[in-house]
Amino acid sequence: FGVGIAWSAAVDLDVWVQPYPGVPELSFHNTQSPQGRYLHDWRSGNLGLDYEYVLFNADQSVDLSRIGCWINYYAGRVSPVHGIVVVHYEGRAYQGEFTIDAPSGNKAVDISQRSRSRHWVKLDLAAIVRSGQSR
């Protein structure tokens, strides 16, 4: 299992993934855990290059409904910011889109209140897989 994001604007976005409740999130702050690893902190648009990505270890079971996945608008001054998310699940890759409608980045200072912040967007990975838009 893996999830990655890509965007074209000259801004810094960050993906944060919690494999299931009670374990630490994987992000640029925490790049390794028993559940997986975070790959490459892109600090500007990466569309067409590679993804900012989190991979789960092969021995981890995946329940899409329990995975917490957030994107933070960390730095920059473009609004809104649009991007794509790719979810690798059960041998297929599914693609979705996201938008963050904040005027600028906030360096994740409001992480404890992200569900109410314009600087964060929560991704519904199960909905992306259900949509069936595989690439």
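As the structure is a prediction and not an experimental result, all values here were calculated from the model.

S.K.: Is there a simple way to think about the environment of Cys-69 in this case?
M.R.: By secondary structure assignment, the location of Cys-69 is in strand S5 (residues 68–75). Residue classification places Cys-69 among the buried residues on the basis of a relative accessible area of 0%. Spatially, the C-alpha atom of Cys-69 lies 9.6 Å from that of Leu-26, the residues being 43 residues apart in sequence. Beyond its immediate sequence surroundings of up to four residues, Cys-69 is in contact with Val-3, Val-15, Trp-16, Val-17, Val-121, Lys-122, Leu-123 and Leu-125.

S.K.: So what exactly am I meant to see when it comes to the sheet that holds strand S3 (residues 36–39) here?
M.R.: Working definition: the strands of a sheet are paired by backbone hydrogen bonds and lie parallel or antiparallel to each other. Pairing is antiparallel in the open sheet, where 5 strands are placed in the order S3-S4-S1-S6-S7. The open sheet is flanked by S3 and strand S7 (92–100), the only strands paired with a single partner. Pairs of neighbouring strands in the sheet enclose a mean axial angle of 15°, with direction left out of account. Alignment of strand S1 (residues 2–7) against strand S6 (residues 81–89), held across 6 bridges, turns out to be antiparallel.

S.K.: Before we go on, may I ask you to explain the pattern of salt bridges in this structure?
M.R.: A side chain of one charge can pair with a side chain of the opposite charge if their charged atoms are brought near each other. Enumeration over the complete set of coordinates arrives at 2 salt bridges. Here Arg-43 ties to Asp-41 by a salt bridge, and the two come within 3.3 Å at their closest N and O atoms. Residue classification places Arg-43 among the exposed residues on the basis of a relative accessible area of 61%. Asp-41 sits in the buried class, given a relative accessible area of 19%.

S.K.: I tried to follow the side chain of Glu-25 on my own but got confused; where do I start?
M.R.: By the secondary structure assignment, Glu-25 is in the loop between strand S2 (12–18) and S3. In contact with Glu-25, not counting residues within four places along its chain, are Trp-16, Val-17, Gln-18, Asn-30, Trp-70, Ile-111 and Arg-114.

S.K.: What am I meant to see in the nonpolar core here?
M.R.: Counting residues in hydrophobic clusters, the biggest one holds 32 residues, and the most contacted among them are Leu-13 and Leu-125. Those elements giving two or more residues to this core turn out to be S1, S2, strand S4 (52–56), S5, S6, S7 and helix H1 (125–131). Dropping the residues within four chain positions of it, Leu-13 is found in contact with Ile-5, Trp-7, Trp-42, Glu-52, Ile-71, Asn-72, Tyr-73, Tyr-74, Val-81, Phe-98 and Ile-100.

Rules behind the numbers
Residues numbered from 1 in each chain as written. Predicted model: local features only at pLDDT ≥ 70, side-chain atom pairs only at ≥ 80, totals over all residues. Heavy atoms only, no water. Helix = DSSP H or I, 4+ residues; strand = E, 2+ residues; numbered from the N terminus. Buried < 20%, exposed > 50% of the residue type's maximum accessible area, 1.4 Å probe, protein only. Contact = heavy atoms within 4.5 Å. Pairing = 2+ DSSP bridges. Axes fitted to C-alpha atoms, helices over the stretch in contact; angles between N-to-C directions. Salt bridge = Lys/Arg side-chain N within 4 Å of Asp/Glu carboxyl O. Core = buried A, V, L, I, M, F, W, Y, C linked by side-chain atoms within 4.5 Å.

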